[in-house]
Amino acid sequence: MENKILYRSEDDSNTTVDYFVEPYPEEDEVRLNFSPRLPKGMHWKAGDAMGGLGCMHDDSRQSFADFQIKPDREISGAIKEQVIQAMERK
């Protein structure tokens, strides 16, 4: 299932890090991931050597029930509602 929902991006002038929440209704689980983008012109091999720039990283997993009570990360009410709707489409 490819249902990543972008909930935040941070830019530190070197690279941008995107943060995603991903509902997994078939596993009754919500996953949080982050992906630091490769700087322009950098080859993916160099990014990999620098700790995984350009790759998705698993940040946190929690049950849907726990997510509904208190998500592991700070997300907006609108994003939380998107996740709930995706989880209820089992």
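One structure accompanies this document, and this report is about it. What you see is a predicted model, and the numbers here were worked out from it, not measured in a lab.

**Some points on the pairing of strand β2 (residues 16-24)**
Counting buried positions along β2 yields nine of nine residues, so the element is predominantly enclosed. Burial along β2 is two-sided: T16, D18, F20, E22 and Y24 and V17, Y19, V21 and P23, pointing in opposite directions, are all buried. As paired strands, strand β1 (residues 5-11) and β2 are joined by six bridges and run antiparallel to one another. Across the sheet, residue L6 finds its bridge partner in β2, namely F20.

**So, the environment of S9**
Within the secondary structure, S9 is located in strand β1. Between the C-alpha atoms of S9 and P36, which are 27 residues apart in sequence, the distance is 9.4 Å. At 2.5 Å, the side chain of S9 and the side chain of D18 are in polar contact.

Reading the values: the criteria
- Residues numbered from 1 in each chain as written.
- Predicted model: local features only at pLDDT ≥ 70, side-chain atom pairs only at ≥ 80, totals over all residues.
- Heavy atoms only, no water.
- Buried < 20%, exposed > 50% of the residue type's maximum accessible area, 1.4 Å probe, protein only.
- Helix = DSSP H or I, 4+ residues; strand = E, 2+ residues; numbered from the N terminus.
- Pairing = 2+ DSSP bridges.
- Polar contact = N/O pair within 3.5 Å; in protein donor to acceptor, adjacent residues only side chain to side chain.

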